[in-house]
Amino acid sequence: MSDTKSATTHAFQAEVKQVLDIVAHSIYKDKDIFLRELVSNASDALEKLRYTQLTEKAVFEPERELAVEVSTDEAAGTLTIADSGVGMTREELVENLGTIAHSGTKAFLQKLKENGGANENLIGQFGVGFFSVFMVADEVKFYTRTWREEGESLCWTSDGNGAYTIEDAGEALPRGSRLVVRLKEEFKDFAKKDKVKDVLERYSKYIAFPLNLDGEKLNTMQAFWLKSKSEVSEQEYKDFYKFQCHAWDEPQDWLHFSADAPLAINTILFFPTHNPETLGFGRATPEVSLYCRKVLIDAEPKNLLPEWLRFMKGVVDSADIPLNISRETLQDSTLIQKLNRVLTKRVIKHLEERAKKKPEDYAKFWRDFGNYLREGIATDYDNRAALAPLFRCESSILDAGTLTSLPEYVERMKDSQKEIYYLVGANREAIESGPYLEAFKSRGVEVLFLYDGADDYVMNQLGSFKEKSIVSADSADIELADAPQTGTGEPLSEDAMKSLCAWFAETLGKEKVAECSAGKRLVDSPAVALNPDKFMTASMRRMMRLMTKDAGTADKPVAVKVELNPRHPLVHKLDALRGSNPELAKLVAEQVLDNTLIAAGLLDNPRGMTQRIYELLGKLA
């Protein structure tokens, strides 16, 4: 160490030199992060001063405003960050910026060694973020004056190459610190106001103290997520939503909460009014930003929320997230996984409460955003059981347009009923006019009506609810109690039906008809095709065909189980016709089968049916 008047020159300790080399060459991919670090340090200094004012009687310049001042000088190629915080003494400059005792470098380097050189996420964990300035600086001058009444005005200077100098500032400094960065040629953009403004508004717009750039205040919006719900008005929530999320609509609802365990979390999550995926904007992207103590970590963090919650917007702030964790490391961080679990459970709980307290509002939310919850039930195994009660659909026993839930269905089930039944169709009319509902309707058994193409897959993935199996009502292996006799006319005899069914199956071939029998579930329809594969319903088969783009499957017949109604006049006439006119009987049987396949959604190629209808018309004309 050399001493000339009040100037002292010090060599950085060996470990600090290593940190400087790491920072200057490889610590960050985004060089503008250094500005976030310096502003964060300035904010910390102000916070310390605020605490000091509470504990100390005598503070230098007690009336001075607490603020961060940033200024640019494009002509000089410099950037200045100043604060009115605690400042430093000569000893503190040595301890905090030059030695291993307070800078955290030893712990940093030890962790770096353990990680095998993967260092991008470490620097902020050990308090050495100040050194990030040397990524962009040729020289750094740090002017400072302590909060103590008896204090020096000092200047700390270094080019980051192994040594630093501490000397009198040559002027009477106000309390706090002023960092003057002489920028490297390739980073002179940071001496331009527009560039600096962009960085500050992205990362530091919510710090607790005024942040001014060349006299312009940048942080005009408060960090409402750190306030209690009672302190934020409805209009402030709406204004914050538009400001933070760059939204053009208003939120329909929001979730504002804080928690201390298992992680320290403060968050506001918004439910937008409009679903972007139904407005033609393509797949929605996550718009929930991650902060650490009001400093932005990542504007679009992956895995913070499950994929099915990608429509949500807002802010999550956790003091447990290391300030400088890299985006790459963030995605796989156990902290992020914990945040994901906590946030997802809170969102589900919020939706449950909304559905209970405001059922009409929730019904509208389901109609607009139900596709996301369907996706969650189908793909999120961990949360599937919790999401199932949020599913909504119409029912055979409720008025058109009235939605119900799985818990409500189970409450209405008969004591003898062991399964939850559903039917998928284009709309209510299509389901009610089909042959599958009549068996359940005649027995007073409720059936859920599903209209979305993905509902079949969702129900299949869900499998059961409250120990009740969920079954498509067109499945072949459903056992129903005997229905009360309805309609007129005598049924064909048991022997006649056995003979007719055997002829029907043999005539049409086993590649089309796997089995034919007298129907117990039919009331008004002459016949019905039952799906023999309960794991591959008609709508799921269509979905799989579209996914595989296998056009050839359209020409491959599906072998179904067919039930014939022994009371129906058409079945009586078909039985008589197969004896008097076998050729015409075969055409009628083929037409009956195709009609049942249409009702089942299993007729992929109608060309043969169209030609047959013309042939039948020709014979009957």
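Read on for a plain summary of the structure. Since this is a predicted model, take the numbers as computed values, not measurements.

Below, the discussion takes up the overall build of the protein. A tally of regular secondary structure across the protein gives 20 helices and 23 strands. In the protein, which comprises 621 residues, the proportion classed as buried is 50%. Sequence-distant contacts in the protein: of pairs separated by 6 or more residues, those separated by 24 or more amount to 70%. Of the roughly 30100 Å² of accessible surface on the protein, a fraction of 49% belongs to carbon and sulfur atoms.

Under the counting rule described, the total for this entry stands at 32 salt bridges. Between Arg178 and Glu171 there is a salt bridge; the shortest N-O distance is 3.4 Å. When its relative accessible area of 26% is taken as the criterion, Arg178 is described as partly exposed. Assessed through its relative accessible area of 41%, Glu171 is described here as partly exposed.

This part is about unusual backbone geometry. The step from Ala261 to Pro262 runs through a cis peptide bond, and the omega angle for that step is 5°. Note on placement: Pro262 falls in the loop between β11 (251-259) and β12 (265-272). Residue Arg293 is not a glycine yet carries a positive backbone phi of 50°. With respect to the helices and strands, the residue Arg293 is situated in the loop between β13 (287-292) and β14 (295-298).

Turning our attention to helix α3 (residues 90-97). Note that an α-helix has 3.6 residues per turn; residues three or four places apart therefore point the same way. Within α3, burial applies to Arg90, Leu93 and Leu97. Each buried residue of α3 sits inside an arc of 65° when the element is viewed along its axis, so together they form one side. Buried-residue contacts for α3 involve β2 (7-11), β5 (137-145), β6 (153-158) and β7 (163-168).

All right, on to empty space enclosed by the protein then. The full count for this structure, using the stated rule, is one cavity of 30 Å³ or more. The calculated volume of the largest cavity comes to roughly 30 Å³. Lining the largest cavity, in full, are Pro526, Ala527, Leu564, Leu570, Val571, Leu574 and Val592. When residues of the lining of the largest cavity are assigned to their parent elements, the largest contribution, three residues, is made by helix α18 (residues 569-580). Taken together, the residues that form the lining of the largest cavity break down as seven nonpolar, no polar and no charged.

Attention shifts here to the pairing of β7. Note: β2 against β7, four bridges, orientation antiparallel. Directly across from Thr8, in β7, lies its bridge partner Ile166. Two strands pair when backbone bridges link them, and β6 and β7 are joined in this way by five bridges, in the antiparallel orientation. If you follow Thr157 over to β7, its bridge partner there is Thr165. Turn length for the β6-β7 hairpin, with the two strands adjacent in sequence and antiparallel, is four residues, and the turn residue Gly160 shows positive phi of about 80°.

In this structure, Tyr241 sits in helix α7 (residues 234-245). For the pair formed by Tyr241 and Val315, sequence separation is 74 residues and the distance between their alpha carbons is 9.7 Å. Here Tyr241 is in contact with His246, Ala247, Asp249, Glu250, Pro251, Phe270, Pro272 and Lys313, once residues within four sequence places are set aside. A polar atom in the side chain of Tyr241 sits 2.9 Å from the side chain of Asp249.

Attention shifts here to the environment of Ala505. Looking at the element boundaries, Ala505 is found in helix α16 (residues 494-508). Along the primary structure Ala505 and Ser517 are separated by 12 residues, whereas in three dimensions their C-alpha atoms are 9.2 Å apart. Apart from the residues within four sequence positions on either side, Ala505 is in contact with Lys510, Val513 and Cys516.

Further remarks concern the pairing of β12. β12 sits mainly inside the fold: seven of its eight residues count as buried. Pairing of β11 with β12, which is carried by eight bridges, proceeds in the antiparallel orientation. Among the inter-strand pairings, Trp254 is bridged to a residue of β12, identified as Phe270. Where β12 meets strand β15 (residues 313-317), five bridges bridge the pair, whose relative direction is antiparallel.

It is at 10 Å that the axes of helix α2 (residues 33-55) and helix α6 (residues 193-203) come closest, and there the two elements cross at 65°. Seen from above, α2 lies across α6 with right-handed handedness. The residues of α6 that touch α2, namely those facing Ile33, Leu35, Arg36 and Val39, are Val196, Val199, Leu200 and Tyr203. Class assignment of the residues belonging to the contact of α2 with α6 gives a composition of seven nonpolar, no polar and one charged.

Under the criterion given, the structure shown has 27 aromatic pairs. With a centroid separation of 6.0 Å and 55° between ring planes, the pair formed by Tyr206 and Phe240 is classed as tilted. Residue Tyr206 is found in the loop between α6 and β9 (211-213), and its partner Phe240 is found in helix α7; the two are separated by 34 residues along the sequence. Across the pair, exposure class does not vary: Tyr206 and Phe240 are buried alike. Seen in terms of ring centroids, Phe365 and Phe369 are 5.3 Å apart; in terms of plane orientation they differ by 15°. Their pairing is stacked. Of this pair, Phe365 and Phe369 both sit in helix α10 (residues 359-379), separated by four residues, roughly a single helical turn. The structure contains a cluster of three or more aromatic residues connected by ring pairs, namely Tyr206, Phe224, Trp225, Tyr237, Phe240, Tyr241, Trp254, Phe270 and Tyr291.

The next point concerns the nonpolar core. Judged by nonpolar contacts, the single largest core of 102 residues is most densely connected at Met312, Val316, Leu339, Leu373, Ile420, Phe504 and Leu564. Setting aside residues up to four positions removed in sequence, Met312 forms contacts with Leu269, Phe270, Phe271, Glu287, Val288, Leu305 and Val347. If you look at the next biggest cluster of nonpolar residues, it comprises 69 residues, including Ile33, Leu93, Leu211 and Leu213.

All right, on to the packing of α18 against helix α19 (residues 582-600) then. Between α18 and α19, whose axes approach to 7 Å, the crossing angle comes to 145°. Relative to α19, α18 is oriented so that their crossing is left-handed. On α19, the residues touching Leu570, Leu574, Leu577, Arg578, Gly579 and Ser580 of α18 are Pro582, Leu584, Ala585, Val588, Ala589 and Val592. Looking at side-chain class alone, the contact of α18 with α19 contains nine nonpolar, two polar and one charged residues.

Cut-off values and rules
- Residues numbered from 1 in each chain as written.
- Predicted model: local features only at pLDDT ≥ 70, side-chain atom pairs only at ≥ 80, totals over all residues.
- Heavy atoms only, no water.
- Helix = DSSP H or I, 4+ residues; strand = E, 2+ residues; numbered from the N terminus.
- Buried < 20%, exposed > 50% of the residue type's maximum accessible area, 1.4 Å probe, protein only.
- Contact = heavy atoms within 4.5 Å.
- Areas by Shrake-Rupley, 256 points an atom, 1.4 Å probe, with all protein chains shown as cover.
- Salt bridge = Lys/Arg side-chain N within 4 Å of Asp/Glu carboxyl O.
- Arc of directions from axis to C-beta.
- 1 Å grid on protein atoms, 1.4 Å probe; cavity = no way out; pocket = protein on both sides within 12 Å on 5 of 7 lines; lining within 4 Å.
- Points joined across faces, edges and corners; volume = space filled by probe spheres on them.
- Nonpolar A, V, L, I, M, F, W, Y, C, P; charged D, E, K, R; others polar.
- Pairing = 2+ DSSP bridges.
- Polar contact = N/O pair within 3.5 Å; in protein donor to acceptor, adjacent residues only side chain to side chain.
- Axes fitted to C-alpha atoms, helices over the stretch in contact; angles between N-to-C directions.
- Left-handed = near helix turned anticlockwise from the far one by under 90°.
- Phe/Tyr/Trp six-rings, centres within 6.5 Å; stacked < 30°, edge-to-face > 60°.
- Core = buried A, V, L, I, M, F, W, Y, C linked by side-chain atoms within 4.5 Å.

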